[in-house]
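Read off the chains here:
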Amino acid sequence: MKKVLILEDEENIRSFVVINLQRAGYAAIEAGAGQEALDRLRENPDVGVAILDIMLPDMDGFEVCRRIRAANKQIGIIMLTARTQEMDKVTGLMTGADDYVTKPFSPAELTARVDALFRRISGDGMAFQDLLQQGPFVMDTRNHTLEKAGNRVRLTQVEYAIMKLFMQNPGRALPRENILSSVWGRDYEGDLKIVDVNIRRLRIKIEDDATNPTYITTVWGFGYKWGA
Ligand code: CA
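Residues numbered from 1 in each chain as written. Predicted model: local features only at pLDDT ≥ 70, side-chain atom pairs only at ≥ 80, totals over all residues. Heavy atoms only, no water.

**Q** Before we go on, may I ask you to explain the sheet that holds strand 8 (residues 145–148) in this structure?
**A** In a beta sheet, neighbouring strands pair by backbone hydrogen bonds and run either parallel or antiparallel. Read from one edge of the open sheet, four strands run 6-7-8-9, paired in antiparallel fashion. Looking at strand neighbours, the two that pair on one side only are strand 6 (131–134) and strand 9 (151–153), the edges of this open sheet. Averaged over all adjacent pairs, the angle separating strand axes in this sheet is 25°, with direction ignored. One ladder, built from four bridges, connects strand 7 (residues 137–140) with strand 8; its direction is antiparallel. Note on strand 8: the bridge partner recorded for Phe 137 is Lys 148. Strand contacts of helix 6 (residues 157–168): strand 6, strand 7 and strand 8, with the helix running at about 115° to strand 7, the strand carrying the most contacts. (Pairing = 2+ DSSP bridges. Helix = DSSP H or I, 4+ residues; strand = E, 2+ residues; numbered from the N terminus. Axes fitted to C-alpha atoms, helices over the stretch in contact; angles between N-to-C directions. Contact = heavy atoms within 4.5 Å.)

Set out below in structure tokens:
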């Protein structure tokens with residue numbers, strides 16, 4: 001289900017938005033303060049659109065927008081503003097918002113804007129380029145998610161990076177040194193064993209039988225090979 005985050009400190013407005021998003025078929029994630037919104041987004045990296053109120057108790061919505069945008073270029077951002085001054089719109093655009101809805105707004109107007117943003121960020125036909133599909137596995141490189149036979153596999157950032165490297169190099173034996181430098185960076189000075197530890201964890205999550213791996217196979221004295 002497509003996820004939308006709604007950041008609004010006024011509970012009446014927030015629940016009104018949530019109900020209408022749910023009616024339109026979205027999963028709604030709520031936050032009542034800026035920091036809470038940033039935390040929710042970290043927990044839910046697959047949120048496609050964030051709706052941000054501007055007047056908030058802890059920081060203003062523009063600051064929240066700036067921080068979200070610094071970490072996430074893909075997410076769609078709609079500012080919710082009670083003010084209609086041009087200044088707000090300029091500030092919002094400067095901080096990376098995609099759209100505005102001025103209070104008071106109709107539920108139909110807001111969901112129409114959310115729909116439009118989802119269409120734009122997934123871009124008809126472009127969406128397929130973001131999917132790596134091999135065997136039962138589908139990786140969405142835009143949302144950083146992996147599914148196996150339609151079920152979400154929860155991966156750490158490092159596990160995800162290893163999987164992506166594998167799925168971009170199917171059937172190729174990858175030296176452990178290459179996995180280390182491409183996932184941890186060239187300057188990483190840690191032990192190669194960290195690769196093995198992560199592969200072991202990854203196998204538990206993605207193999208049918210982790211003791212007899214068939215997707216990630218070991219190439220003795222060399223590295224690992226992916227095949228699905
Ligand atoms: Ca407010």
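**Q** Honestly, the packing of aromatic side chains in this entry has me stumped. Any pointers?
**A** Under the definition given, this model contains six aromatic pairs. Put simply, the rings of Phe 137, Phe 166, Tyr 215 and Trp 226 pair up and form one aromatic cluster. (Phe/Tyr/Trp six-rings, centres within 6.5 Å; stacked < 30°, edge-to-face > 60°.)

**Q** I keep staring at the coordination of the calcium ion and nothing clicks. Help me out?
**A** Octahedral metal centres with six donors ideally show angles of 90 or 180 degrees, and tetrahedral centres with four donors ideally show 109.5 degrees. Donor atoms from the polypeptide that coordinate the calcium ion comprise Asp 9 (OD), Asp 53 (OD) and Met 55 (O), at 2.1 to 2.4 Å from the metal. Sequence positions of the residues that donate to the calcium ion give the spacing D-x43-D-x1-M. In this structure Asp 53 comes out as buried when scored by relative accessible area, which is 2%. Met 55 gets classed as exposed once you look at its relative accessible area, which sits at 56%. (Donors = N, O, S within 2.8 Å, 3.2 Å for Na, K, Ca; no water. Buried < 20%, exposed > 50% of the residue type's maximum accessible area, 1.4 Å probe, protein only.)

**Q** Help me understand the packing of helix 7 (residues 176–184) against helix 8 (residues 193–206), please; the structure alone is not making it clear to me.
**A** Relative orientation and spacing of two packed helices are given, respectively, by the angle between their axes and the distance between those axes. Where helix 7 contacts helix 8, the two axes come as close as 9 Å, and the packing angle between them is 85°. It follows from the interaxial angle that helix 7 and helix 8 lie roughly perpendicular. The segment helix 7 lies against helix 8, with Arg 176, Ile 179, Leu 180 and Trp 184 engaging Lys 193, Ile 194, Val 195, Asp 196 and Asn 198. For the contact of helix 7 with helix 8, the per-class residue count stands at five nonpolar, one polar and three charged. (Parallel < 35°, antiparallel > 145°, perpendicular 65-115°, else oblique. Nonpolar A, V, L, I, M, F, W, Y, C, P; charged D, E, K, R; others polar.)

**Q** Quick question: what am I supposed to make of the pairing of strand 7 here?
**A** Looking along a regular strand, one sees the side chains alternate between the two faces of the sheet. Of the strand pairs in this sheet, strand 6 and strand 7 are connected by four bridges, and their pairing is antiparallel. Along strand 7, the bridge assignment pairs Leu 131 with Asp 140.

**Q** How do you make sense of the packing of helix 6 against helix 8 when you look at a structure like this?
**A** At a minimum axis distance of 10 Å, the contact between helix 6 and helix 8 shows a crossing angle of 80°. Classed by the angle they form, the pair helix 6 and helix 8 counts as roughly perpendicular. Each of Val 158, Glu 159, Ile 162, Met 163 and Phe 166 in helix 6 lies in contact with helix 8, whose residues at this interface are Asn 198, Ile 199, Arg 201, Leu 202, Lys 205 and Ile 206.

**Q** For this particular structure, what's the right way to read the nonpolar core?
**A** A general tendency of soluble globular proteins is for nonpolar side chains to be buried together. By size, the foremost hydrophobic cluster in this structure holds 23 residues, and its most contacted members are Met 163, Phe 166, Ile 179, Ile 206 and Trp 226. At the level of elements, strand 7, helix 6, helix 7, helix 8 and strand 12 (223–226) are the ones that each hand at least two residues to this core. A total of six residues in this core trace back to one element, the largest contributor, which is helix 6. With sequence-adjacent residues up to four places away left out, Ile 206 is seen in contact with Phe 137, Leu 146, Lys 148, Val 153, Met 163, Tyr 215, Ile 216 and Trp 226. In terms of nonpolar packing, the next biggest core, distinct from the first, is built from 22 residues, Leu 5, Ala 31, Ile 68 and Ile 77 among them. (Core = buried A, V, L, I, M, F, W, Y, C linked by side-chain atoms within 4.5 Å.)

Don't take any of this as a statement about function, it's just geometry.
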